[in-house]
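Architecture at a glance
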Amino acid sequence: MKKILLIIPAILLLFITSCKQESDKEEKEVITKNPAAENYNISILLDLSDRISLKKNPNPTMEYYQRDLGYIKSVSEAFTQHLKTKRIRQIDDKMQLFFNPEPLDPEINSISENLKIAINKNNVSKGFLNSINENYASKTSKIYSSAIKDDNFIGSDIWNFFDTKVKDQCVEDNYRNILIVLTDGYIFHKNTVITQGNRTSYITPELIRKNDLNMQNWNKKFDEQDFGFIQVDEDLSNLEVLVLGIHPDNKNPYEEKVIKAYWTKWFTEMKIKHFEIKNADLPSNMEKIIQDFILKKTS
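Predicted model only: the values in this text are computed from it and were never measured.

**So, the pairing of strand β9 (residues 275-279)**
Sheet topology places strand β8 (residues 239-246) next to β9; 5 bridges connect them, and they run parallel. Within the sheet, the bridge partner assigned to L242 lies in β9 and is E276. Remark: the β8/helix α9 (residues 255-269)/β9 crossover connection has right-handed handedness.

Printed below as a string of structure tokens:
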């Protein structure tokens, strides 16, 4: 009888240990196979140049700043959707917003600081999750309203952002790093006008016309004479980039292709493996594209 009493606890212990090992194994498999187990680090870079000016670039269908707000809404919704598919103890995700250069209005910079979200198992709550979308919508709306009201558009220095800031501010180890760039595709800032041969730190409609890249043979000239952005000496293979809002000058039928050739060559040289460059469109038409880019696991 004593032997039987000794055997029963041993069997129970063996059973419990076996179950725990099997549970741990299954959980590890779920974490490995499920893209939701990834930690996301999403950054949004806003181009607050005169592209959003209601005077210079009015659009009767939907103003460009309103399209930006719609895109940002889709990004924040994809972020929260990702969070809600994770176990609480897996959550360690971030979302943030940048400009380059920083606007002169201190209120805008203060708002952007409040849009830096770091959410983990220690601070996650249903209320926090539910507040993210509304918070991003209301605060980014204030940023655009302030910039448009100020009417002092200082340009967009996206090249400098990639050259000096993106590696430090948008890329972290053990994260899926995603950068969303909202821009019309043109880049210019008076403090960063650099030329090296046919490479530049900027692209404008005037530059495209000056270099005769508005002709039918633009692509041959682009390749043979090495036009493009000045190469940034960074390995950004751990960064994915989605560019939204390309709005080419309609006076040149090749403008869109030239702009995308500049960006594509630049990203490829920075070793960015996963990127997409999309034209300005209504937010309802872009929602699926944004959701797919953020939520679908890449190989």
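**Some remarks on helix α3 (residues 106-114)**
Regarding α3, the residues found buried are I108, N109, I111 and S112. The arc that holds every buried residue of α3, seen down its axis, measures 160°, which confines them to one face. Elements in contact with the buried residues of α3: β2 (92-99) and α4 (126-150). Of the residues flanking the start of α3, the one acting as N-cap is D105, its side-chain oxygen 2.9 Å from the backbone nitrogen of E107.

**Looking at the sheet that holds strand β6 (residues 199-200)**
Spatial ordering of the open sheet is given by β5-β6-β7, a layout of 3 strands whose pairing is mixed. Taken across any chain shown, the strands that pair with only one partner, and hence form the sheet edges, are β5 (195-196) and β7 (228-229). Sheet topology note: the β5/β6 ladder contains 2 bridges and is antiparallel. Bridging across to β6, T195 finds its partner in T200.

**Focus: the sheet that holds strand β4 (residues 176-182)**
With mixed pairing, 6 strands are arranged side by side in an open sheet as β3-β2-β1-β4-β8-β9. The sheet is open, and its two borders are formed by β3 (117-120) and β9, each paired with just one other strand. Taken over all neighbouring pairs, the strand axes of this sheet differ in orientation by 10° on average, direction set aside. Note: strand β1 (residues 40-46) against β4, 7 bridges, orientation parallel. In the strand pairing of β4, I44 is matched with I180. Against the sheet, α9 contacts β4, β8 and β9, and its axis sits at roughly 160° relative to β9.

**Brief notes about the packing of aromatic side chains**
Any pair of aromatic rings gets described here by the distance separating the centres and the angle formed by the planes. Counted under the stated rule, the structure contains 15 aromatic pairs. Ring geometry for F98 and F161: centres 5.7 Å apart, planes at 50°, overall tilted. In this pair, F98 is assigned in strand β2 and F161 in helix α5 (residues 158-164), connecting sequence segments 63 residues apart. Since its relative accessible area comes to 9%, F98 is described here as buried. Given the relative accessible area of 0%, F161 is considered buried. Taken together through their ring pairs, the aromatic side chains of F98, F161, F162, W218, F222, F229, Y262, W263, W266, F267 and F275 make up a single cluster. Between K265 and the ring centre of F222, over which it is positioned, the NZ or CZ distance is 4.9 Å.

**Examining unusual backbone geometry**
Omega for the peptide link from N100 to P101 comes to 0°, which places this bond in the cis form. Locating P101 in the fold gives a position in the loop between β2 and α3. Non-glycine residue D151 carries a positive phi angle of around 55°. One non-glycine residue with positive phi stands out, namely D226, at about 55°. Owing to a relative accessible area of 34%, D226 belongs among the partly exposed residues under this scheme.

**Considering the pattern of salt bridges**
Counted by the stated rule, this structure contains 21 salt bridges. The shortest N-O distance in the salt bridge between K56 and D50 comes to 2.8 Å. Judged by its relative accessible area of 56%, K56 falls in the exposed class. The partly exposed category is assigned to D50, whose relative accessible area is 29%. In this structure, E172 and K94 form a salt bridge, with 3.0 Å as the shortest nitrogen-oxygen distance. Of this pair, E172 sits in the loop between α6 (166-170) and β4 while K94 sits in strand β2; the two residues are 78 residues apart in sequence, bridging distant segments of the chain. Looking at E172, the relative accessible area reads 28%, which means it is partly exposed. What you see here is one network of salt bridges that share partners, running through R199, D226, K265 and E269.

Rules of the game
- Note on numbering: residues in each chain are counted from 1, in written sequence order.
- In keeping with the predicted nature of the model, local features appear solely for residues at pLDDT of at least 70, side-chain atom pairs appear and are counted solely at 80 or more, and the whole-chain, interface and lining totals rest on all residues.
- Where side-chain values are given, they derive from all heavy atoms of the structure, hydrogens and water being excluded.
- Strand pairing is defined by DSSP finding a minimum of two bridges between the two strands.
- Secondary structure elements follow DSSP: runs of H or I of four or more residues count as helices, runs of E of two or more count as strands, with numbering from the N terminus.
- Orient the strands so they point away from the viewer; a crossover is then right-handed if the path from the first strand over the helix to the second runs clockwise.
- For the exposure calls, accessible area comes from a 1.4 Å probe over protein chains only, and a residue counts as buried if that area is under 20% of its type's maximum, exposed if over 50%, partly exposed in between.
- Directions are taken from the helix axis to each C-beta atom, and the arc is the one they span.
- Residue contacts are defined here by distance: any two heavy atoms, one from each residue, within 4.5 Å place the two residues in contact.
- Contacts described as polar in this section are N or O atom pairs within 3.5 Å, which, within protein, must combine one atom able to donate a hydrogen with one able to accept it, while residues neighboring in sequence count only if both atoms come from side chains.
- In this description, a line fitted to the C-alpha atoms serves as the axis of each element, helices being fitted only across the stretch in contact, and the angle between N-to-C directions of two axes falls anywhere from 0 to 180 degrees.
- Within 6.5 Å between ring centres, the rings of Phe, Tyr and Trp (the latter by its six-membered ring) count as paired, and their orientation is classed by plane angle as stacked under 30 degrees, edge-to-face over 60, tilted in between.
- Here, a charge over a ring is recorded when the distance from Lys NZ or Arg CZ to the ring centre is within 6 Å and its angle to the ring normal is within 35 degrees.
- Only one rule defines a salt bridge in this text: a Lys or Arg side-chain nitrogen within 4 Å of an Asp or Glu carboxyl oxygen.

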